[in-house]
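Observations on the model geometry
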Amino acid sequence: MDVLRRPAIPEDAVQYQLFLVHPDPSDAEANERFLKQILQNILAEIAPLLVPYIWQHQSFNLRYHPEKGDVPAHLGGVTEFGDNVEDEWFIIYLLKHITHIFSDVAVVVYDNDGQFILIEAAEHLPKWLDPDSSENRVFLYRGELHILPNRTRSEEVGWPSDSVPAVGQALEVLHSHTESCLAKQPIRSALARRLDGYPDKIQQNFHHAHCYVPAGIAVVLSRRPDLIAAAVSAFYLRDPVDLQACRNFHTFPPDTRVMTSVRFTRCLYAQLQQQSFVPDRRSGFTLPARSHPLYRAHELGMKLAHGFEILCSKSGQSSSEQETPVSSNPLWRGFLDSLKKNGYFKGELEGSARYRDLMTSAENFFRQSVTSTHCPDIHIPGDEVLKVMEGASYSLEGLKKQEAHLPPEDSDAWLDMSPQELERLLEEKGSRRVSDGTRKMAQPDEEVQEEEAGYSLIAVTQGMKNFINAMSSHEGAELPRSCLTEPFSFDPDAVTSALDRLLGTKDDELDSDDFDDDEDDDDENEEVQNGSSQEQAGSEALGNLKKYMEEMDQELQSTNIGKTFTQNNGASNKADASKSSSATSGSELVEEEIQPLDVDLNLVTNLLESLASQAGLAGPASNLLQSLGIHIPPDADQS
């Protein structure tokens, strides 16, 4: 139902819609003017964050959408984030910030997975909330996550979970009962943890590296740092046809190379760094030996040059083509006034070099983020590169002089992750309790002590029993987690009761080891519970089955099957005592030797043996225990 109602969006793309919470239904023109005014104010508010940002594929963009069907007029946009999922979550931060500043706006956001925000808080969601019932229910409003509650009675607030509200109906409930629609604290905390660090996290996701590139590329990146994404993508997604343009570099000849500092996002840097590539001998690019201290700078520069050359080879620009100035857009003047009001130009004098740079960045941001309803702007990256080169004048000698004043490059140690860091990240993603950051710096002996102290064999058996006893539905097994957050106390009677539930009631027991030896008590219980002749016949059949099981147990005693299980100590001591008694007959000795099994000990033994056979790799036992939140340290016995 959710897929049929919502228009399809591309994979690796996020769609967002900004609605007025309480529009005037009688004046559509006033609503349109108000939305367009909010659009100018929103762009001016978030411009300082977006101007220096480097998008993986598409930038954050908004435009006005008129009313269509049951969807009211709104501001909306779609951003393809490609391989960099951080772009998607940065957009979520922007939308939360927008709803915090502009309280008249509520946001609906989703991708091809639906309401992906709820995935972060999946463990805290109510049972009734699923992909089908979440449509038009989840909003970002006033800087917080809101979910329309499930209405089971007419006097309650919310909307029934078995039907989908229209957008206007949902907005009316949100406006009238804002406090009741506020998501529970655990859900909001899960979202806050995912967005923790923004906006400072923007700078942390950048990576600065030295690259030996042709002079034209150095000039382009100094004026348009955002074009690095298109160049890396062109190289990363190249095909043999693209590489034909790189046999002879007409736009960026390799003999003009200079050393410069390039700003990447971490995703772009990883894509460029991790690909192995040997240039064509006809291209003119040669690399020093791998042991050379500048080998990485030469390699990165060579790859960037190929990416930019591929972009320019796909350019369709003609020499007579003129770019439409942003001043012709009716929204530009209001946007510029809002920038000045918000202090975007930082007091720079109009006409100064710094002022012109800020103005150029603002114009580029406006072109990328604001599109006209009738004439959408289409940007070809190769055209953008050639336009920057045409409007820039540079000196090769001047660029070479700047090499001595380059800022230091960042360490790329973040590309390498230790097993402990990977395990910590997986535990955090699984919402499990983890230790503080000092754990990964601990010495090996300390790590072993911490791991050994972090689990209990009793917790292993109890976790397995809770998993077996948990009631699940057709949607799959649910892992009980209550035992992980509450202190565990061992009660022998409770363990016995849990074993009875695990193995079945005594009336349905199929193992002769667990039958009571007192036949009189069994007969009395059966007379009380079974009053009909049919139940007596069932009791007789059960007696025959008991006799059959006893005979089978005696036959198995002479084989090695019984030796593979561990009996409880109390029963074993009694058996040893009976063996030493001369008054015990031969048949009674055989019966005494058939002792109850220690189910807990056999369970733990088999699990540990299975873990040992995995040799530290993933397997059934480790996956099941990790799902139950039970961490068992590595086997220290190498024998």
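Residues numbered from 1 in each chain as written. Predicted model: local features only at pLDDT ≥ 70, side-chain atom pairs only at ≥ 80, totals over all residues. Heavy atoms only, no water.

Observations regarding the overall build of the protein
A tally of regular secondary structure across the protein gives 27 helices and eight strands. Sequence-distant contacts, at least 24 apart, represent 77% of the contacts inside the protein between residues at least 6 apart. Carbon and sulfur atoms make up 50% of the accessible area of the protein, which totals about 36,500 Å². (Helix = DSSP H or I, 4+ residues; strand = E, 2+ residues; numbered from the N terminus. Contact = heavy atoms within 4.5 Å. Areas by Shrake-Rupley, 256 points an atom, 1.4 Å probe, with all protein chains shown as cover.)

Here's the deal with the pairing of strand β8 (residues 257-265)
Counting buried positions along β8 gives seven out of nine residues, so the element sits mostly inside the fold. Inspection of the sheet shows strand β7 (residues 206-214) paired to β8 by nine bridges, in the antiparallel sense. Residue pairing for β8: histidine 210 is matched across the bridge by serine 261. (Buried < 20%, exposed > 50% of the residue type's maximum accessible area, 1.4 Å probe, protein only. Pairing = 2+ DSSP bridges.)

Things to note about the packing of aromatic side chains
Following the criterion strictly, the structure yields 16 aromatic pairs and no others. Relative to tyrosine 269, the ring of phenylalanine 264 lies with its centre 5.7 Å away and its plane at 65°, an arrangement referred to as edge-to-face. Of the two residues examined, phenylalanine 264 and tyrosine 269, each falls in the buried class. With centroids separated by 5.1 Å and ring planes inclined at 80°, the aromatic side chains of tyrosine 344 and phenylalanine 345 adopt a geometry described as edge-to-face. Per residue, the accessibility class of tyrosine 344 equals that of phenylalanine 345, and both read buried. Aromatic rings pair up to connect Tyr53, Trp55, Phe90, Tyr93 and Tyr198 into one cluster. Between the NZ or CZ atom of arginine 151 and the centre of the ring of tryptophan 159, over which it lies, the distance is 5.8 Å. (Phe/Tyr/Trp six-rings, centres within 6.5 Å; stacked < 30°, edge-to-face > 60°. Lys NZ or Arg CZ within 6 Å of the ring centre and 35° of its normal.)

Remarks on the sheet that holds strand β6 (residues 144-147)
Strands sit in the order β2-β3-β1-β4-β5-β6 across an open sheet of six strands; the sheet is antiparallel. For this open sheet the edge positions go to β2 (63-65) and β6, each flanked by a neighbour on one side alone. For this sheet, the mean inter-axis angle between neighbouring strands, taken without regard to orientation, is 35°. Relative to strand β5 (residues 138-141), helix α4 (residues 167-176) is tilted by about 50°, and along the sheet it contacts β1 (13-20), β4 (105-111), β5 and β6. (Axes fitted to C-alpha atoms, helices over the stretch in contact; angles between N-to-C directions.)

A look at the packing of helix α8 (residues 215-223) against helix α12 (residues 295-313)
At a closest axis distance of 10 Å, the pairing of α8 and α12 adopts a crossing angle of 80°. Taken together, the axis directions place α8 and α12 in an arrangement best described as roughly perpendicular. Between α8 and α12, the residues in contact are Ile217, Val220 and Leu221 and Leu304, Ala305 and Phe308, respectively. Of the residues that constitute the contact of α8 with α12, the class distribution is six nonpolar, no polar and no charged. (Parallel < 35°, antiparallel > 145°, perpendicular 65-115°, else oblique. Nonpolar A, V, L, I, M, F, W, Y, C, P; charged D, E, K, R; others polar.)

So, a negative patch on the surface
On the surface, Glu11, Asp12, Asp83 and Asp113 cluster together into a patch of negative charge. For aspartate 83, a relative accessible area of 52% corresponds to the exposed category. (Patch = residues over 30% accessible without salt bridge, like charges linked within 9 Å, V, L, I, M, F, W, Y side chains within 5 Å. Salt bridge = Lys/Arg side-chain N within 4 Å of Asp/Glu carboxyl O. Lys, Arg positive; Asp, Glu negative; His and termini not counted. Charge placed at Lys NZ, Arg CZ, Asp CG, Glu CD.)

Considering the pattern of salt bridges
In this structure the tally under the stated criterion is 12 salt bridges. A salt bridge links lysine 201 to glutamate 86, with the nearest nitrogen and oxygen atoms 3.7 Å apart. Of this pair, lysine 201 sits in helix α7 (residues 201-204) while glutamate 86 sits in helix α3 (residues 85-101), and the two are 115 residues apart along the sequence. Arginine 296 is paired through a salt bridge with aspartate 412; the nearest N and O atoms lie 2.4 Å apart. Of this pair, arginine 296 sits in helix α12 while aspartate 412 is found in the loop between α16 (396-401) and α17 (419-429), placing the two residues 116 residues apart along the sequence. Residue aspartate 412 is classed as buried on the basis of its relative accessible area of 16%. One salt-bridge network, in which partners are shared between bridges, spans Glu86, Arg194 and Lys201.

Observations regarding the confidence of the model for the protein
When pLDDT is averaged along the protein, the result is 80; 75% of the residues meet or exceed 70. Scored below 50 in pLDDT, residues 371-377 shows six contacts in the model against residues more than four places distant or in partner chains. Per-residue pLDDT stays below 50 along residues 482-488; that stretch engages in five contacts with residues further than four places along the chain or on separate chains. (pLDDT = per-residue confidence, 0-100.)

Some thoughts on the pairing of β1
Burial analysis of β1 places eight of its eight residues in the buried class, which makes it a mostly covered element. Across the two faces of β1 the burial is the same, with Ala13, Gln15, Gln17 and Phe19 and Val14, Tyr16, Leu18 and Leu20 all buried. When β1 meets β4, the two strands line up antiparallel, connected through seven bridges. Within the sheet, the bridge partner assigned to leucine 18 lies in β4 and is valine 107.

A look at the nonpolar core
Judged by nonpolar contacts, the single largest core of 106 residues is most densely connected at Phe60, Leu95 and Phe264. Take this core: its biggest share by element is nine residues, from helix α2 (residues 28-50). Beyond its immediate chain neighbours, meaning those up to four positions away, leucine 95 contacts Tyr16, Leu18, Phe60, Val107, Val109 and Leu140. Counting 16 residues, the second largest nonpolar core, distinct from the first, contains Ile9, Phe19, Val108 and Leu148. (Core = buried A, V, L, I, M, F, W, Y, C linked by side-chain atoms within 4.5 Å.)

Regarding helix α13 (residues 330-341)
Listing the buried residues of α13 in full gives Leu331, Trp332, Gly334, Phe335, Leu336, Ser338 and Leu339. Where the residues of α13 are buried, they touch α2 and α14 (353-369). Directly after α13, the chain includes glycine 343, whose backbone phi takes a positive value near 75°.

Re the side chain of arginine 224
Topologically, arginine 224 is positioned in the loop between α8 and α9 (228-236). With a relative accessible area of 6%, arginine 224 lands in the buried category. Among the polar contacts listed, one links the side chain of arginine 224 to the side chain of aspartate 226, at a separation of 2.9 Å. Leaving out residues up to four positions away in the same chain, arginine 224 has contacts with Asn364, Gln368, Glu384 and Val388. (Polar contact = N/O pair within 3.5 Å; in protein donor to acceptor, adjacent residues only side chain to side chain.)

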